[in-house]
Amino acid sequence: MTVHEGEEQESVPQKKKTLSDAEKRKQKIVPGSLMKAVIKPGGGESTPSDGDRVMYHCTVRTLDGVVVESTRSECGGKGTPIRHVLGKSKMILGLLEGVPTMLKGEVAMFKMKPELHYGEADCPLTVPDSFPKEDELHFEIEMLDFFKVKKVINEGQGWESPREPYEVKAWISAKTIEGKEILSRTHGEPYFFTFGKSEVPKGLEMGIGTMTRGEKAVVYVANQYTTQSPLMPIIEGVEEVWFEIELVHFIQVRDVLGDGRLIKRRIRDGRGDFPMDCPLHDSLLRIHYKGMLLNDEKMVFYNTRVDNNGQPLEFGSGEGLVPEGLEMCVRLMLPGEIALVTCPPDYAYDKFPRPANVPEGAHIQWEIELLGFEMPKDWTGLNFQAIMDEADKIRGTGNRLFKEGKFELAKAKYEKMLREFNHVNPQDDGEGKVFLNARNSLHLNVAACYLKMGECRKSIEACNKVLDASPAHAKALYRRGMAYMSAGDFEEARDDFKMMMSVDKSYEPDATTALVKLKQKEQEVERKARTQFKGLFDKKPGDIAEAGVGNGRDIMLSENQKNDDKEDSDGDKEFLEAEDAPPRMGFLSHLWPTGRRFFTAFGLDRCSIL
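## With respect to the overall build of the protein
And then number 1: Along the backbone of the protein there are 15 helices and 19 strands.
And then number 2: A burial count over the protein gives 44% of its 610 residues as buried.
And then number 3: For the protein, long-range pairs separated by at least 24 residues make up 70% of all intrachain contacts whose partners lie at least 6 apart in sequence.
And then number 4: Of the roughly 32,700 Å² of accessible surface on the protein, a fraction of 49% belongs to carbon and sulfur atoms.

Okay, structure coming up:
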């Protein structure tokens, strides 16, 4: 049957009423687009309504019965039911209309046209490309439970709600449905707890998680969600508890790394909305900060208000000018905000110039105030020369980061320029030549960063972007040859070095040096291989041949990586060779890159280990 079968639109009211987004969506439902069949009746008489938290299992099938996705473990899912708040959570249109018709325990099948599920125009939910969102589908829903979440008494401010691991202060009282008081915390100090630490009943925490600062509401918690907590014991024989809460304040606490080591705790709110008004990459930031050792004495080792003549610290984000942990947290702050940051050594000063009074391996605490920031310069309206001047400045920053060994940050600078270059349109041949050279140089710098980071294949791909447009680009051939050599693809490397000599004689000394290095590496690989497999062919058929396959390649590569710093044509240090997985060619080819040539040298084109 159609969920709204037989319904007629009401007559147009005298006053024009503004429709909500949900009501506008429901206007898309036409007869026959949503059908429901009850598989198993539910119990009771009540059905869920807006504001209720619903829990249900969902299995999506094609009309032929093939399971597309499911929450049920027996159908390939994780076994975890879906939890939504009706009217608040994002839902597909068919379920937004169909779920409120279900009773607790009911199992129903909803047949939906594409425009009622993920095929809806402007659907608020996304699915993988493989999902058949253009097909008519069956949605099997089992309504496990639903219950009231809350009733708002006074609206709060802003949009942000507390979540793990925020610190929360709230006035809380509780009573039964009959009005019997269970708990009263409306005098003295508001109750303080950390979200996500089971310090209040589970259902109460879920309700508080939907509230904003200053909001006052009644949260309805079913018996099974009034879990044990320091706030109150479990109340036996009570079907539902009504909590009246006034959310006084909460402190934004962020686990930046996700492992509990780098924690940012907001002390004073800033101006604007998070995260829209936080600093972007490449912003110029102005901060005051106080650095303390995280020990019993909390010794202050630096304070910009004292040690910097009261002047704030100014630095560009993404330039490696401050410890990584400090910058990561500042970029999560709003102007005017004050935050307390707890940072582990590897994100503080173990990888950054360490102040004299900070011991190695020290955990650090920073108190930071973000005074303000300037957005990256907008190139709109700049002429070509001004754009290239700005590009040179950013590229210079990238080159500095590269020389300091901060390859990830350097790569980010080069890639930012390449993205900006997508919007640059040279007006004549002269500008076109300057632009092409600059873009090729950036691609090659990205290739150098990838190779330093040990990603040879990505380095080769970056070089290919230059060679696809300029096949005779000598420096790109050289960089790609070095990447091939690091990856163990010696023949490809030799071809690039030889091609480099043929297209530009001025690079012949560099190419000759590279070919000598290549020959040395090939010989080293074969020497290691001979040592590693010594005695392999002295065994008689049936004997067990023992070959040291544990670390020969690793030793060879680590030795290779010690040797090859070289000045390139830009004056930057040439990138170190790095390991990457060679093409799959068989068992022995996995052991060393030139295994096939090694056996050929013995006159053995094929070999079996018996």
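## So, the packing of aromatic side chains
Note on aromatic pairs: each is described by the distance of the centres and the angle between the planes.
And then number 1: Per the counting criterion, the structure on display carries eleven aromatic pairs.
And then number 2: A ring pair is formed by Tyr166 and Phe250, whose centres lie 5.9 Å apart and whose planes are at 25 degrees; its orientation type is stacked. With a gap of 84 residues between them, Tyr166 in the loop between strand S7 (150-154) and strand S8 (167-176) and Phe250 in strand S12 (residues 240-251) connect regions that are remote in the sequence.
And then number 3: Between Tyr349 and Trp366 the ring centres are 6.0 Å apart and the planes differ by 70 degrees, which places this aromatic pair in the edge-to-face class. Here the residue Tyr349 occupies a position in the loop between strand S18 (338-343) and strand S19 (364-374), and Trp366 occupies one in strand S19, the gap between them amounting to 17 residues. Like Trp366, Tyr349 is buried.

## A few points about the pattern of salt bridges
For side chains of opposite charge, pairing can occur when their charged atoms come near one another.
And then number 1: For the structure shown, the criterion picks out 37 salt bridges.
And then number 2: Across the salt bridge formed by Lys113 and Glu136, the nearest N and O atoms sit 3.6 Å from each other. Here Glu136 lies in the loop between strand S5 (107-112) and strand S6 (137-148) and Lys113 lies in the loop between S5 and S6, a separation of 23 residues in the sequence.
And then number 3: With a relative accessible area of 29%, Lys113 lands in the partly exposed category.
And then number 4: Measuring nitrogen to oxygen at the nearest pair gives 2.3 Å for the salt bridge that ties Lys413 to Asp282. Of this pair, Lys413 sits in helix H7 (residues 407-421) while Asp282 sits in the loop between strand S14 (263-268) and strand S15 (284-293), placing them 131 residues apart in sequence.
And then number 5: Residue Lys413 is classed as buried on the basis of its relative accessible area, which comes to 2%.

## What to know about H7
And then number 1: The end-to-end C-alpha distance of H7, which contains 15 residues, comes to 21 Å, matching closely the 21 Å that a straight helix rising 1.5 Å per residue would cover.
And then number 2: Each element contacted by the buried residues of H7 is listed here: helix H6 (384-403) and helix H8 (429-452).

Reading the values: rules and limits
- Residues numbered from 1 in each chain as written.
- Predicted model: local features only at pLDDT ≥ 70, side-chain atom pairs only at ≥ 80, totals over all residues.
- Heavy atoms only, no water.
- Helix = DSSP H or I, 4+ residues; strand = E, 2+ residues; numbered from the N terminus.
- Buried < 20%, exposed > 50% of the residue type's maximum accessible area, 1.4 Å probe, protein only.
- Contact = heavy atoms within 4.5 Å.
- Areas by Shrake-Rupley, 256 points an atom, 1.4 Å probe, with all protein chains shown as cover.
- Phe/Tyr/Trp six-rings, centres within 6.5 Å; stacked < 30°, edge-to-face > 60°.
- Salt bridge = Lys/Arg side-chain N within 4 Å of Asp/Glu carboxyl O.
- Expected span 1.5 Å × (residues − 1).

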